[in-house]
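# Reading the structure
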Amino acid sequence: MNALISVSDKTGIVEFARALHALGVKLISTGGTAKLLADQGLPVTEVAELTAFPEMLDGRVKTLHPKVHGGLLARRDLPEHMAALRRHNIATIDLLVVNLYPFEATVAKPGCTLEDAIENIDIGGPAMVRSGAKNWKDVGVVTDASQYPLVLSQLKAGGALTDETKFALAVAAFNRISNYDAAISDHLSAIGPDGARSLFPAQANGRFVKLQDLRYGENPHQQAAFYRDLQPAPGSLVTARQLQGKELSYNNIADADAAWECVKSFSEPACVIVKHANPCGVAVAADPLQAYGKAFQTDPTSAFGGIIAFNRTLDADAAKEVAKQFVEVLMAPDFTPEALEVFKGKANVRVLQIALPPGGATDWDNGRNAMDVKRVGSGLLMQTADNRALALADLRVVSKVQPTPQQLQDMLFAWKVAKYVKSNAIVFCKDGMTMGVGAGQMSRLDSARIAGIKAQHAGLSLAGTVVASDAFFPFRDGLDVVVDAGATGVIQPGGSMRDPEVIAAADERGVAMVFTGVRHFRH
């Protein structure tokens, strides 16, 4: 058996090559890899010796030769192919071990120039990988150090790789080439004539890995699967570990993402309950038990069968309270053994453990998507994600009445919640707790009225609350509705041509109003 080894990332390659040599495999290699193996005392034939043609153009041309590609592409089951190899004195290559120039790592470095990027575009490596993978029945193609143990175990056990393994390696090889080429396309097509980089490349090449097939999509007649980014953000939903429960459904995943993204935006212990993509209860408190109690109190009816997320380790006390209700999915950074024991008797509850991203809620971009995409007919809408954080210093008081320190804290809390509520969004809050949530209505007035109705049904008083609106009030009538319901403070983006009218209404009604200058539409 002949193995050609040419790797940029040399992690584990000496040990792998030594094991191949011990199995009687002849080693062929290129440039720096050949030198490394020879320095370790391994017998290795340089590619230049194999091809009888020297490496040239600073190493740009070394494996682009018939003695390499002929040895990779020849089908062993076709006599005419084997006769051609004998006629031209070409040996077969049975194992190809290649990883590519580090293009992705190079362009990720600050200050990477176009020349740096171009010089890290591998040519010979991808060509060999494609040749070997095309001829997968006869060639094992190894493109990552994580594959070394499997290859060695099969060679030691039976002297050859199984067809199943060779095909899986070939698929992985083509995926690697696809991802590599897409990274090059993304980078180069985002560079303008002046050398400036655009956030949005001329061609977008999305790459995702399937995590699992799903039973069905949003509805039973739709088929679905769950994918993750090649490099997922730390602390994102796709990094979750399911500790118990039924398989997640399409809607479970969508709602769980909404709950998790919301709860990890809080620094204090928080609980978020989501139903049909909207938070129906959100609260912060001293511990998970108290946070859950306040969140559940917002809308007990909607919380039935909801998705519940915590940003602190769930203990037994909180678990016992949650277990009294019907819950579809429960998420937290960790669970005490006693908390997990509580849910053993509820085998259908899906329990997910997700590590919070390093940096936590104060690092707003950490653990969040940089871009959002939405499918439209035969196309994509792409935008930078709504990752804008808001601090007290960003608020502009526009009313005569000045908000109290407690009102300001509740305003910031309400604003965070409103970001995750479908537009039009109206959120009443008080003392770190949602008191009424109106979501997804065509009219902001209707969202405000629904929030009031929700509070009434939950037996909550909106007196002394603050209210967040995800977009400006186009007329004073929306303000009048929330003030009539009991709000004494309002946080909204501002920016309407009728802002003076709305500000005058706030002054007339004696409520505090602040502008954020930021809108949070969520469609």
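Residues numbered from 1 in each chain as written. Predicted model: local features only at pLDDT ≥ 70, side-chain atom pairs only at ≥ 80, totals over all residues. Heavy atoms only, no water.

As annotated in an unreviewed UniProt entry, the protein chain is Bifunctional purine biosynthesis protein PurH from Caenimonas terrae.

A few words on the overall build of the protein chain. For the protein chain, the helix and strand inventory stands at 19 helices and 21 strands. For the protein chain, the C-alpha radius of gyration of 30 Å lies well beyond 24 Å, the compact-globule estimate for 523 residues. Seen through its principal axes, the protein chain has C-alpha atoms that stretch 95 × 60 × 45 Å. Sorting the 523 residues of the protein chain into buried and exposed places 47% on the buried side. Across the protein chain, contacts joining residues at least 24 apart in sequence account for 55% of those joining residues at least 6 apart. Surface accessibility of the protein chain: about 24800 Å² in total, with carbon and sulfur atoms responsible for 53%. Charge separation in the protein chain, taken as the distance between the mean sites of 52 positive and 55 negative side-chain charges, equals 3 Å. (Helix = DSSP H or I, 4+ residues; strand = E, 2+ residues; numbered from the N terminus. Rg over C-alpha atoms; globule rule 2.2 N^0.38 Å. Buried < 20%, exposed > 50% of the residue type's maximum accessible area, 1.4 Å probe, protein only. Contact = heavy atoms within 4.5 Å. Areas by Shrake-Rupley, 256 points an atom, 1.4 Å probe, with all protein chains shown as cover. Lys, Arg positive; Asp, Glu negative; His and termini not counted. Charge placed at Lys NZ, Arg CZ, Asp CG, Glu CD.)

Now for helix α11 (residues 250-263). Along an α-helix, a turn takes 3.6 residues, which lines up residues three or four apart on a common side. For α11, built from 14 residues, the straight-helix expectation of 20 Å at 1.5 Å per residue is met to within 8% by its first-to-last C-alpha distance of 20 Å. In terms of burial, α11 is a largely internal element, 10 of the 14 residues being buried. (Expected span 1.5 Å × (residues − 1).)

A word on the environment of phenylalanine 343. By the secondary structure assignment, phenylalanine 343 is in helix α15 (residues 337-344). Taking the C-alpha atoms as reference points, phenylalanine 343 and alanine 323, separated by 20 residues in sequence, lie 7.0 Å from one another. Discounting chain neighbours no more than four positions away, the residues touching phenylalanine 343 are Gln244, Leu314, Ala319, Val322, Ala323, Leu330 and Val349.

Another point: the pattern of salt bridges. Taken as a whole and judged by the stated rule, the model has 18 salt bridges. A salt bridge links lysine 166 to aspartate 163; the shortest N-O distance between them is 3.5 Å. Placement of both lysine 166 and aspartate 163 in helix α10 (residues 163-188) is noted, with a separation of 3 residues, approximately one turn of the helix. Here lysine 166 falls in the buried class, since its relative accessible area comes to 12%. Two residues, aspartate 446 and arginine 449, come together in a salt bridge whose shortest N-O distance is 3.2 Å. A residue pair is termed a helical-turn pair when its members lie 3 or 4 positions apart in one helix, as aspartate 446 and arginine 449 do in helix α17 (residues 444-457) at 3 residues. Salt bridges sharing common partners tie together Arg476, Asp480, Asp484, Glu508 and Arg509. (Salt bridge = Lys/Arg side-chain N within 4 Å of Asp/Glu carboxyl O.)

With that settled, consider the pairing of strand β1 (residues 2-7). Looking along a regular strand, one sees the side chains alternate between the two faces of the sheet. The element β1 is largely enclosed, with a buried count of 6 among its 6 residues. Neither face of β1 is left uncovered, since the one carrying Asn2, Leu4 and Ser6 and the one carrying Ala3, Ile5 and Val7 both have all their residues buried. With 4 bridges connecting them, β1 and strand β2 (residues 26-29) associate as parallel partners. Residue pairing across strands places leucine 4 opposite isoleucine 28, the latter belonging to β2. Regarding the hand of the β-α-β motif, the stretch spanning β1, helix α1 (residues 13-22) and β2 is right-handed. With 5 bridges joining them, β1 and strand β4 (residues 95-99) adopt parallel strand pairing. (Pairing = 2+ DSSP bridges. Right-handed = clockwise from strand over helix to strand, strands pointing away.)

Here the focus is the UniProt feature "domain: MGS-like" (unreviewed entry) in the protein chain. When the UniProt feature table is mapped onto this chain numbering, "domain: MGS-like" (unreviewed entry) sits at residues 1-143. Across residues 1-143 one finds 44% helix and 15% strand; the C-alpha atoms that close the span lie 18 Å apart. (UniProt positions renumbered as here; feature names shortened; annotations may be inferred.)

Looking now at the sheet that holds strand β10 (residues 278-284). If you walk across this open sheet you meet the 6 strands as β8-β13-β12-β11-β9-β10, and the pairing is mixed. Each edge of the sheet is formed by a strand with only one pairing partner; in this case those strands are β8 (241-244) and β10. Averaged over all neighbouring strand pairs, the angle between strand axes comes to 20°, with direction disregarded. Where strand β12 (residues 327-332) meets strand β13 (residues 350-353), 4 bridges bridge the pair, whose relative direction is parallel. What sits directly across from valine 329, in β13, is arginine 350. On top of the sheet, helix α12 (residues 288-298) reaches β9 (270-275), β10 and β11 (306-310); it is set at about 140° to β10, its chief contact. (Axes fitted to C-alpha atoms, helices over the stretch in contact; angles between N-to-C directions.)

In this fold, glutamine 353 is placed in strand β13. Since its relative accessible area comes to 17%, glutamine 353 is described here as buried. From its side chain, glutamine 353 meets the backbone oxygen of proline 333 in a polar contact 3.5 Å long. Sequence-distant contacts of glutamine 353, defined by excluding residues within four places in its chain, comprise Thr239, Ala240, Arg241, Leu243, Ala332, Pro333, Asp334 and Phe335. (Polar contact = N/O pair within 3.5 Å; in protein donor to acceptor, adjacent residues only side chain to side chain.)

Turning next to the packing of aromatic side chains. Summed over all chains, the structure comprises 7 aromatic pairs. Seen from their ring centres, phenylalanine 16 and tyrosine 148 are 4.2 Å apart, and the 5° between their planes marks the pair as stacked. Taken together, the residues span a long stretch of sequence, with phenylalanine 16 in helix α1 and tyrosine 148 in helix α9 (residues 148-158) at a distance of 132 residues. With centroids separated by 5.0 Å and ring planes inclined at 70°, the aromatic side chains of tryptophan 136 and phenylalanine 167 adopt a geometry described as edge-to-face. Residue tryptophan 136 is found in the loop between α8 (124-134) and β5 (140-142), and its partner phenylalanine 167 is found in helix α10; the two are separated by 31 residues along the sequence. Classification of tryptophan 136 as partly exposed rests on a relative accessible area of 22%. In this structure an aromatic cluster arises from ring pairing among Tyr292, Phe296 and Phe310. (Phe/Tyr/Trp six-rings, centres within 6.5 Å; stacked < 30°, edge-to-face > 60°.)

Here helix α4 (residues 66-73) crosses α8 at 25°, and the two axes come no closer than 8 Å. Relative to α8, α4 is oriented roughly parallel. Every residue of α8 that contacts α4 at Val68, His69, Leu72 and Leu73 is listed here: Ala127, Met128, Ser131, Gly132 and Lys134. Classifying every residue of the contact of α4 with α8 gives 5 nonpolar, 3 polar and 1 charged. (Parallel < 35°, antiparallel > 145°, perpendicular 65-115°, else oblique. Nonpolar A, V, L, I, M, F, W, Y, C, P; charged D, E, K, R; others polar.)

Looking now at the environment of leucine 479. Relative to the assigned elements, leucine 479 resides in helix α18 (residues 476-485). When the C-alpha positions of leucine 479 and serine 265 are compared, they lie 27 Å apart, and in sequence the two are 214 residues distant.

Here we come to the packing of α8 against α10. The interhelical angle for the contact between α8 and α10, taken along N-to-C directions, is 150°, at an axis separation of 9 Å. For the element pair α8 / α10, the angle class is roughly antiparallel. The handedness of the crossing between α8 and α10 is left-handed. Taken together, the residues of α10 that come into contact with α8 (itself represented by Pro126, Val129, Arg130, Ala133 and Lys134) are Ala170, Ala173, Phe174, Ile177 and Tyr180. Classifying every residue of the contact of α8 with α10 gives 8 nonpolar, no polar and 2 charged. (Left-handed = near helix turned anticlockwise from the far one by under 90°.)

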